[in-house]
Amino acid sequence: MASNDVLDLHICIIGAGMGGLATALSLAKKGFRKIEVYETASNLGFVGAGIQLAPNMARILDRLGVWKEIEREAVDLKETSIRQGSTDNELGHVDLKYIRSTYGYPHMVGHRASLAGAMYAGCQREKSITFHFSTGAGEITSWGPQPSFTAIPRNGEPHQVQCDVLLAADGVKSTIRDQLLHLKNISAKIIDTGQAAYRIMLTREQMSSSPSLLALLDRESVTRWIGEKRHIIAYPVSSKQIYNLSTVQPDANFAAAPSATYTTKGSKPQMLDVFADFCPLVQKMLNLVPDGEVCEWKLRVHEPLPFWTYESTALVGDACHPTLPHLAQGAAQAIEDGAVLAVVLSKLPNTTPEAISKGLKVYETVRRERAYKLVELAAASGRAMHLGEGAAKEERDRQFAALREGKGPVPDKWADADVQKVIYGQDVVQIAEEEFDEIFGRV
Ligand SMILES: Cc1cc2nc3c(=O)[nH]c(=O)nc-3n(C[C@H](O)[C@H](O)[C@H](O)COP(=O)(O)OP(=O)(O)OC[C@H]3O[C@@H](n4cnc5c(N)ncnc54)[C@H](O)[C@@H]3O)c2cc1C
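Only a predicted model underlies this, so the values are computations on that prediction, with no experimental measurement involved.

Notes on the site of the ligand
Point 1. Around the ligand lies a shell of 30 residues, among which Gly19, Glu39, Gln52, Arg112 and Asp318 are the nearest.
Point 2. Within the contact set of the ligand, an oxygen atom lies 2.7 Å away from a side-chain nitrogen or oxygen of arginine 112.
Point 3. In this structure, an oxygen atom belonging to the ligand sits 3.0 Å away from a main-chain N or O atom of alanine 331.
Point 4. Residue assignment for the shell around the ligand shows that the elements contributing at least two residues are helix 2 (18–29), strand 3 (50–53), strand 9 (135–142) and helix 12 (330–346).
Point 5. The element contributing the most residues to the shell around the ligand is helix 12, with four residues.
Point 6. Along the lines of polarity and charge, the residues of the shell around the ligand split into 13 nonpolar, twelve polar and five charged.

So, in structure tokens, the structure goes:
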């Protein structure tokens, strides 16, 4: 149990996304009494899109008391099917039913709004958490002791906010990250992956005229159609009332605006063109997307940062380890960050700036290697899915063929048993609990 002094630390979180919400709730559950969350947007504002809810995420959300609510309308995955985009022929099939008994939690898929909404509702039940929506964080005026930043309310005067610990969960475009790196005259090496994603949600009603589409919606399955430099991953969410599709393709607007925007309005004809050689089933779904409702995300990552923390300030989530979606782990990793932060801060021996700074270093030590390993695995999985004709593709397809005989690794990494063991089999909260003293003693 943390001392009263430690629990009285004033902790500010920037960003109410996946990482920010999980951090706030984790801290409140540990007994911290003064947690403030600053969010630029006027509300949670989550895009209409699905999300995979992996067991390592579920384990943490269950401890935070919000998993049951999310699970209620999520879909429990029984299998995944990886198919040739052009023909719809199945390349590989993986049974996922064993996940629940092996890792204690199922691998589910759900709606982002349900995940964020449940975490937010959990936060609202905690008296210790205050949200400041429509209030962005601008310049960091001190990193510690007692970090401070300029809060910029949409309807109000900019003012200084001072706290004891500052946690920046401001996402892939993090401006706090840039300021942090600038302290040592470096800048984040943004890697433009040259890839973009369309996110699509089709309702049961939209799909109702086609038995083959309804069959997809009713199957507790993740289906991935793959082709050269492109794929589509799809699964049912919201108690099977919505079919969620997420594509990845070369970023058509890359040359025009390589880094200016992350989200752009996509064009339906362009989307249809990109997947023109995919099978009729896929075409049927893409054609159901209403004109003007195509939204495109540029996919960005950056090279591993040399450090995540400075004095009493730390980065969280995509701000320090943006991950390509191919492993479906970005939000899960942001949530792991939040849970580990709550453990290390609750274990501080005292509230001196030195102890806070070391505590944050323990967080970075526990999280860093794992987060960057998954960043690399996600990129590798994308490369394997997107191969064009050649020796590498032949080798991949040999692996798919062996898989049909029940042998060998799964090229779609998130479905590979050994990769799952690394990701789902490791409990980062337990590691932080058990290794805190040893790491704190050496950082
Ligand atoms: C196509 C796609 C599919 C994905 N699928 C999955 C999946 O299946 N499973 C999974 O686990 N992950 C998935 N991810 C990754 C996941 O969405 C992200 O990793 C996750 O949202 C990161 O959480 P975060 O809190 O770091 O950032 P975000 O969730 O982006 O939140 C950042 C928040 O900070 C706010 N903010 C930014 N700047 C400021 C500021 N200066 N002041 C105040 N507030 C600020 C923003 O408004 C935002 O609310 C996917 C990503 C993509 C692009």
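Okay, back to it.
Observations concerning the sheet that holds strand 7 (residues 108–111)
Point 1. Read across the open sheet, the three strands follow the order 3-7-4; overall the sheet is antiparallel. Of all the strands in the sheet, the pair left with one neighbour each is strand 3 and strand 4 (75–76).
Point 2. Relative to strand 7, helix 6 (residues 112–124) is tilted by about 85 degrees, and along the sheet it contacts strand 3 and strand 7.

Comments concerning the environment of alanine 118
Point 1. Its place among the elements puts alanine 118 in helix 6.
Point 2. Judged by relative accessible area, alanine 118 falls into the buried class, the value being 2%.
Point 3. Each C-alpha atom, one on alanine 118 and one on lysine 68, is 9.3 Å from the other, the two residues being 50 residues apart in sequence.
Point 4. Residues in contact with alanine 118, not counting those within four places in the same chain, are Val66, Glu69 and Ile70.

So, unusual backbone geometry
Glycine aside, the phi torsion of most residues is negative, and most peptide linkages are trans.
Point 1. With an omega dihedral of -10 degrees, the bond running from glycine 144 to proline 145 counts as a cis peptide bond.
Point 2. Mapping proline 145 onto the fold places it in the loop between strand 9 and strand 10 (148–153).
Point 3. One non-glycine residue, lysine 229, adopts positive backbone phi at about 60 degrees.
Point 4. Its place among the elements puts lysine 229 in the loop between strand 14 (221–227) and strand 15 (230–237).
Point 5. Of note, the phi angle at serine 239 is positive, near 50 degrees, even though the residue is not glycine.
Point 6. With respect to the helices, strands and loops of the structure, serine 239 is situated in the loop between strand 15 and strand 16 (242–250).
Point 7. Its relative accessible area of 40% is what places serine 239 among the partly exposed residues.

Examining the packing of aromatic side chains
Point 1. Counted by the stated rule, this structure contains nine aromatic pairs.
Point 2. With a centroid separation of 5.1 Å and an interplanar angle of 75 degrees, the aromatic rings of phenylalanine 275 and phenylalanine 278 are classed as edge-to-face. With respect to class, phenylalanine 275 is no different from phenylalanine 278; both count as buried.
Point 3. Residues phenylalanine 436 and phenylalanine 440 carry aromatic rings whose centres are separated by 5.1 Å and whose planes lie at 25 degrees to one another, so their mutual orientation is stacked. Taken together, the residues span about one helical turn, with phenylalanine 436 and phenylalanine 440 both in helix 16 (residues 428–442) at a distance of four residues. With respect to burial, phenylalanine 436 and phenylalanine 440 carry one shared label: buried.

So, the sheet that holds strand 9
Point 1. On the basis of which strands lie adjacent, the open sheet formed by three strands has the order 9-10-11 and antiparallel pairing. The open sheet has two edge strands with one neighbour each: strand 9 and strand 11 (159–162). Put simply, the sheet's adjacent strands are angled 35 degrees from each other on average, direction ignored.
Point 2. Relative to strand 10, strand 9 is paired through five bridges, and the arrangement is antiparallel. Its bridge partner being in strand 10, alanine 137 is matched across the sheet by alanine 151.

The rules we used
- Throughout this description, residue numbers start from 1 for each chain and increase along the sequence as written.
- With pLDDT at 70 or above as the cut-off, local features in this predicted model cover only qualifying residues; side-chain atom pairs require 80 or more to be listed or tallied, and sums for whole chains, interfaces and linings still use all residues.
- Side-chain metrics rest on all non-hydrogen atoms present in the structure, leaving aside hydrogens and water.
- Put simply, a residue is near a molecule or strand once any heavy atom of it comes within 4 Å of that molecule or strand.
- Whenever a nitrogen or oxygen atom comes within 3.5 Å of another N or O atom, the pair is scored as a polar contact, on the condition that within protein one atom can donate a hydrogen and the other can accept it, and that pairs from neighbouring residues in sequence are kept only if both atoms are in side chains.
- Here a helix means four or more residues in a row that DSSP labels H or I, a strand means two or more in a row labelled E, and each is numbered from the N terminus.
- By the convention adopted, Pro, Cys, Tyr, Trp, Phe, Met, Ile, Leu, Val and Ala count as nonpolar, Lys, Arg, Asp and Glu as charged, and the other residues, Gly among them, as polar.
- Strands pair, by our definition, only if DSSP identifies at least two bridges between them.
- It only takes one pair of heavy atoms within 4.5 Å for two residues to be counted as in contact.
- Lines fitted to C-alpha atoms define the axes here, with helix axes fitted over just the stretch in contact, and angles between the N-to-C directions of these axes take values from 0 to 180 degrees.
- Three exposure classes are used, based on accessible area relative to the maximum for each residue type with a 1.4 Å probe and protein chains only: buried under 20%, partly exposed in between, and exposed over 50%.
- Only the six-membered ring of Trp is used, alongside the rings of Phe and Tyr, when aromatic pairs are assigned; centres must lie within 6.5 Å, and planes under 30 degrees apart are stacked while those over 60 apart are edge-to-face, with the rest tilted.

Note that all results are geometric; they support no functional claim without further evidence.
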